[in-house]
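A look at the structure
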Amino acid sequence: MWSVIRLNMEKMDVQPPPIRTLDDFVLGSAQFAVPDIRNLERWNNRIINNLLYYQSNYFVSFLTILGIVGYFQPFNLFLGATVVTLIFMGFVWAAENQAPIRRFRRNHPSLALGAILGASYLFLTVLGGVGVFLFGIAFPILLILIHASVRLRSLKNKLENKLESIGLKRTPMGLLLESLGQEQEAGS
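Criteria and thresholds
Residues numbered from 1 in each chain as written. Predicted model: local features only at pLDDT ≥ 70, side-chain atom pairs only at ≥ 80, totals over all residues. Heavy atoms only, no water. Helix = DSSP H or I, 4+ residues; strand = E, 2+ residues; numbered from the N terminus. Expected span 1.5 Å × (residues − 1). Buried < 20%, exposed > 50% of the residue type's maximum accessible area, 1.4 Å probe, protein only. Salt bridge = Lys/Arg side-chain N within 4 Å of Asp/Glu carboxyl O. Phe/Tyr/Trp six-rings, centres within 6.5 Å; stacked < 30°, edge-to-face > 60°. Lys NZ or Arg CZ within 6 Å of the ring centre and 35° of its normal. UniProt positions renumbered as here; feature names shortened; annotations may be inferred. Core = buried A, V, L, I, M, F, W, Y, C linked by side-chain atoms within 4.5 Å. Contact = heavy atoms within 4.5 Å.

Overview of helix α4 (residues 55-72)
Between its first and last C-alpha, α4 extends 26 Å over 18 residues, near the 26 Å set by a 1.5 Å rise per residue. Gln55, Ser56, Asn57, Tyr58, Phe62, Leu66, Val69 and Gly70 are the residues of α4 that are buried.

A look at the pattern of salt bridges
All chains considered together, the criterion is met by one salt bridge. Across the pair Arg38 and Asp36 runs a salt bridge whose closest N-O atoms are separated by 3.1 Å. The exposure class assigned to Arg38 is exposed, which follows from its relative accessible area of 76%.

Section: the packing of aromatic side chains
The final tally for this structure, using the stated rule, is five aromatic pairs. On the numbers, 5.5 Å between centres and 55° between planes, the contact of Phe25 with Tyr54 is tilted. Of this pair, Phe25 sits in helix α2 (residues 22-25) while Tyr54 sits in the loop between α3 (40-53) and α4; the two residues are 29 residues apart in sequence, bridging distant segments of the chain. Overall, the relative accessible area of 10% leaves Phe25 in the buried class. Taking the relative accessible area as the measure of exposure, Tyr54 reaches 0% and is therefore buried. When the centroid spacing of 4.8 Å and the interplanar angle of 85° are considered together, the rings of Tyr53 and Tyr54 count as edge-to-face. The exposure classification of Tyr53 matches that of Tyr54, with both residues buried. A cation sits over an aromatic face here: Arg20 above Tyr53, 3.9 Å from the ring centre. One Lys or Arg, Arg151, reaches over the ring of Phe32 and ends 5.8 Å from the middle of that ring.

Side note on the UniProt feature "transmembrane region" (unreviewed entry) in the chain
Following the UniProt record, the feature "transmembrane region" (unreviewed entry) maps to residues 51-71, 77-95, 107-124 and 130-150 here. Within the segment residues 77-95, helix and strand shares are 100% and 0% respectively, and the terminal C-alpha atoms sit 27 Å apart.

Focus on the nonpolar core
Leu51, Tyr58, Phe133 and Leu177 are the most contacted members of the largest nonpolar core, which totals 24 residues. The set of elements that each furnish at least two residues to this core consists of α3, α4, α5 (74-97), α8 (130-150) and α10 (172-179). If we ignore the near neighbours within four places in the chain, the residues touching Leu51 are Tyr58, Ile144, Ala148, Met173 and Leu177.

Concerning the environment of Leu124
Looking at where Leu124 falls in the secondary structure, it is placed in helix α7 (residues 109-127). It is 7.4 Å that separates the C-alpha atoms of Leu124 and Val83, two residues lying 41 residues apart in sequence.

Structure follows, in structure tokens:
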């Protein structure tokens, strides 16, 4: 299975980045600061660039929390993951095929993500998997966004993001951000 994924990624020239050291990610050399909420463009750039640079660490963190929740509630986790995936795929399809949705996605990326998570929440409320959704899917996303918001960028981070933005490297997070309409922001 992994070889099929690797072959597909090679065809798309997608290069998963290395896992950053724990020291760089959260310990010793890591520098954190509360973002300036008055400058939303700069805050958005910080989040996007940190998402690109630490994407492997975020993916491992997400899978760890997902694994813990899945251990205790496997069916509800599967149900929640299926719902969020289907709603996300529907949103991406609609954004690619419907001009008003595409404009909304580009002009209001945070609201677009909120709409996806909100629609998933409402659907799961009907199905009864709210707790699993919140702790298994939304909680890791919240932790990732908090880290990406407060982690200051290093010189190495900026260089890696520049390579991504000029197209020399394509990464899974870059493709995800592109599908959410954030490709013009990356690397700024």
